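Next come the chains, spelled out residue by residue.
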Amino acid sequence: MVYPEDRLPPLDRAFYAGVRKGMTKVGEVVVPPREAATFDVPAGHVFRIVGVDGPQVGDLNLWNAANLAERFYSGKTRALHGTHVTVGDRLWSALPYLRPMATITADTLDWYGFDGDGAGVHDVIGTRCDPYTNRLLSGGDYHHCCHSNLTRALARRLGTAFEAAEPHVHDVLNVFMCTGFERDEGRYIMKASPVRPGDFLELFAEIDLIGALSACPGGDCGSGHSSDAASCFPLRVDILRPRAEALAGWRPPEVSSYAPL
Ligand SMILES: [Zn+2]
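Notes on the structure in this doc start here. Worth saying up front: this structure is predicted, and the values here are computed from it rather than measured.

1. A word on the sheet that holds strand E1 (residues 24–31)
Across the sheet, six strands lie side by side as E1-E13-E3-E11-E7-E6; this open sheet has antiparallel pairing. Looking at which strands have only one partner, the edges of the open sheet turn out to be E1 and strand E6 (90–92). Neighbour to neighbour, the strand axes of the sheet diverge by 25° on average, direction disregarded. Both strand E3 (residues 46–51) and strand E11 (residues 200–205) contribute to a ladder of five bridges, which runs antiparallel.

Have a look at this one:
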């Protein structure tokens, strides 16, 4: 059996199409290669993650700007929508909140689908490269893994120490990353991302968000992580404001109404 995606609250496609008409760019953040940056997106705004100079994968974290405990839940998003996400899929928040934090409104890589190896783009199956696993596997230390980049960026945003920010960093949406599971043994595989300059993934913020995006040290993630070996490029995040008429009558979704015994 599969999770009954058709039982999710229906997606109002006409609403999201209306949102995209006549948006005004109100901000931009550039994420340097092998680093991360944060950005703020008010509810009802749109953010667009754009490839700029070359093929580059981005690791995305999201938090409710008013409550960092409500953060992106990649595992439940995977259960509800599948291993890879695209237009119409939502990024769900952690328990006990479980509501859409963002809805994907455009994806220029949707043509990729699934290739002959079963790999697709924008996965919620990987985690984020981190220095602890790198030390476990290679014995060496590397300080620009996505985990560290996201932690440093959030610490700057919050004005806290690295140690205070680190527990808030969580499993990511792997933007532009091309991944799947190898058929015989089910092992996780990564392939070079097909992303090219100008490609983008666009999301509607359902609630006030803080986002953090790391330009992964793996670059297009076709070979290794956790070193300075790969070619890496910046990523850009554009913040866009829809027309007021497009949002008439719209309200952010409520948190889950389930009450424990
Ligand atoms: Zn990474």
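Picking up where we left off.
2. Points about the environment of Trp 111
Within the secondary structure layout, Trp 111 lies in the loop between strand E7 (100–107) and strand E8 (120–123). The spatial distance from the C-alpha of Trp 111 to the C-alpha of Asp 228 is 31 Å, given a sequence separation of 117 residues.

3. Considerations on the nonpolar core
Grouped together as the largest cluster of nonpolar side chains are 64 residues, with contacts concentrated most on Leu 209 and Leu 213. With residues near it in sequence (within four places) discarded, Leu 213 still touches Val 31, Ala 36, Ala 37, Ile 49, Gly 58, Leu 60, Leu 235 and Val 237.

4. Side note on the pairing of E3
Burial analysis of E3 places five of its six residues in the buried class, the great majority of the element. Examined bridge by bridge, E3 and strand E13 (residues 235–241) share six bridges and lie antiparallel to one another. Within E13, the position partnered with Gly 51 by the bridge is Leu 235.

Thresholds, definitions, all that
Residues numbered from 1 in each chain as written. Predicted model: local features only at pLDDT ≥ 70, side-chain atom pairs only at ≥ 80, totals over all residues. Pairing = 2+ DSSP bridges. Helix = DSSP H or I, 4+ residues; strand = E, 2+ residues; numbered from the N terminus. Axes fitted to C-alpha atoms, helices over the stretch in contact; angles between N-to-C directions. Core = buried A, V, L, I, M, F, W, Y, C linked by C-beta atoms within 7 Å. Buried ≥ 20, exposed ≤ 12 C-beta atoms within 10 Å, placed from the backbone. Contact = placed C-beta atoms within 7 Å.

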